[in-house]
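The chain contents come next:
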Amino acid sequence: GAVVSQHPSRVICKSGTSVKIECRSLDFQATTMFWYRQFPKQSLMLMATSNEGSKATYEQGVEKDKFLINHASLTLSTLTVTSAHPEDSSFYICSPDRGETQYFGPGTRLLVL
Amino acid sequence: GIQVEQSPPDLILQEGANSTLRCNFSDSVNNLQWFHQNPWGQLINLFYIPSGTKQNGRLSATTVATERYSLLYISSSQTTDSGVYFCALNSGNTPLVFGKGTRLSVIA
């Protein structure tokens, strides 16, 4: 299977600060990256789809100015949670598009105090 | 959009038991996958199975696309099988939509 890394694996921050999450596909190049969010005991919800070199497409209800996505290269995408609030505490998971079979990063657990 | 329904929502098994997890969907699909999310959150792809039957060790899956359901079979369950099993699918060229999952606990 594909190798996908995320950094950091967990982060605790104060309300109002910004947090950047990196996602790297280590053994393949991905034109498209999916970002998901998962609240405790719930399913994965797609937040946005990004394509390398262009603006991301956000799902309904996801604020594009709050969740900044940069897909600068075929192996790296970043998600920045700006001015984080406690309700942004969640598990964030990236998934580089590799065609039929989808692979996921190990996730980043964000806790905003 | 396409709807995905998984059952049962929760399942407790004695080690060694067999189980069947079900995924119903509302429209034709061109991509259906089963995933296992372990207790640390990592999602592992189990099967890419928009139709037909596949087997991998103690796990097998069957999708009957014409009747809009897929089944995941776990045989001789082990404690390491615990976690959440998700069915995810799409129709057309859209991102995968995830079901709510089946939370499995296998006890020794």
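Residues numbered from 1 in each chain as written. Chains lettered and ligands numbered in written order. Predicted model: local features only at pLDDT ≥ 70, side-chain atom pairs only at ≥ 80, totals over all residues. Heavy atoms only, no water.

Residue and element names in this part refer to chain B. As summarised here, the arrangement of the five strands in space is E1-E3-E8-E7-E6, forming an open sheet in which the pairing is antiparallel. Every interior strand has two partners, whereas the edge strands, strand E1 (4-7) and strand E6 (52-56), have only one. Looking at each pair of strands side by side, their axes are set apart by 15° on average, direction ignored. Pairing analysis gives six bridges linking strand E7 (residues 59-64) to strand E8 (residues 69-74), with the strands arranged antiparallel. Considered in E8, the bridge of Leu-59 is made with Ile-74. (Pairing = 2+ DSSP bridges. Helix = DSSP H or I, 4+ residues; strand = E, 2+ residues; numbered from the N terminus. Axes fitted to C-alpha atoms, helices over the stretch in contact; angles between N-to-C directions.)

Time to look at the environment of Gln-78 of chain B. Residues and elements named next belong to chain B. Counting through the fold element by element, Gln-78 comes out in the loop between E8 and strand E9 (83-90). The class for Gln-78 is partly exposed, based on a relative accessible area of 35%. Along the sequence, Gln-78 and Ile-107 sit 29 residues apart, while their C-alpha atoms lie 8.0 Å from each other. Ignoring sequence-local partners within four residues, the contact set of Gln-78 consists of Glu-15, Arg-58 and Val-106. (Buried < 20%, exposed > 50% of the residue type's maximum accessible area, 1.4 Å probe, protein only. Contact = heavy atoms within 4.5 Å.)

We now examine unusual backbone geometry. Across the junction of His-7 of chain A and Pro-8 of chain A, the peptide omega takes the value 0°, indicating a cis bond. Relative to the assigned elements, Pro-8 of chain A resides in the loop between strand E1 (4-7) and strand E2 (10-13). Look at the link from Ser-7 of chain B to Pro-8 of chain B: it is a cis peptide, with omega at -10°. On the secondary structure map, Pro-8 of chain B appears in the loop between E1 and strand E2 (10-14). Even without a glycine there, the phi angle at Arg-68 of chain B is positive, about 60°. Within the element layout of this structure, Arg-68 of chain B appears in the loop between E7 and E8. Residue Arg-68 of chain B is classed as partly exposed on the basis of its relative accessible area, which comes to 35%.

On the side of chain B, 17 residues touch chain A, which itself brings 18 residues to the contact. Interface area, chain A with chain B, both sides summed: about 1,400 Å², of which 55% is carbon and sulfur. Run the count over chain A and chain B and you get zero salt bridges. At the surface where chain A touches chain B, the tally comes to six residue pairs in polar contact (both at pLDDT 80 or more). If you list the elements that add at least two residues to the side of chain A that touches chain B, you get strand E4 (32-38), strand E5 (44-51) and strand E9 (90-96) of chain A. Residue composition of the side of chain A that touches chain B, grouped by class: eight nonpolar, seven polar and three charged. (Buried area = accessible area lost by both parts, 1.4 Å probe. Salt bridge = Lys/Arg side-chain N within 4 Å of Asp/Glu carboxyl O. Polar contact = N/O pair within 3.5 Å; in protein donor to acceptor, adjacent residues only side chain to side chain. Nonpolar A, V, L, I, M, F, W, Y, C, P; charged D, E, K, R; others polar.)

Bringing the pattern of salt bridges into the picture now. Side chains carrying opposite charge are able to pair once their charged atoms draw close together. Residues and elements named next belong to chain A. Counted under the stated rule, the structure contains four salt bridges over all chains. Measuring nitrogen to oxygen at the nearest pair gives 3.5 Å for the salt bridge that ties Glu-22 to Arg-24. For Glu-22, a relative accessible area of 26% translates into the label partly exposed. Judged by relative accessible area, Arg-24 falls into the partly exposed class, the value being 35%.

Attention shifts here to the environment of Asn-70 of chain A. Residue and element names in this part refer to chain A. Within the fold, Asn-70 resides in strand E7 (residues 67-73). Placed 62 residues apart in sequence, Asn-70 and Pro-8 show a C-alpha to C-alpha distance of 16 Å. Apart from residues lying up to four places away in sequence, Asn-70 is in contact with Leu-76, Ser-77 and Thr-78. A distance of 3.0 Å separates the side chain of Asn-70 from the backbone nitrogen of Ala-72, its partner in a polar contact.

Our next topic: the packing of aromatic side chains. A complete count under the given rule lists seven aromatic pairs over all chains for this structure. Residues Phe-104 of chain A and Phe-98 of chain B carry aromatic rings whose centres are separated by 5.9 Å and whose planes lie at 75° to one another, so their mutual orientation is edge-to-face. Of this pair, Phe-104 of chain A sits in the loop between E9 and strand E10 (108-112) while Phe-98 of chain B sits in strand E10 (residues 97-98), each in a different chain. Residue Phe-104 of chain A shares its accessibility class with Phe-98 of chain B, and that shared class is buried. Geometry around Phe-91 of chain A places Arg-109 of chain A over its ring, the cationic atom sitting 4.1 Å from the centre. Here Arg-22 of chain B stacks its cationic end above the ring of Tyr-69 of chain B, 4.3 Å away from the centre of that ring. (Phe/Tyr/Trp six-rings, centres within 6.5 Å; stacked < 30°, edge-to-face > 60°. Lys NZ or Arg CZ within 6 Å of the ring centre and 35° of its normal.)

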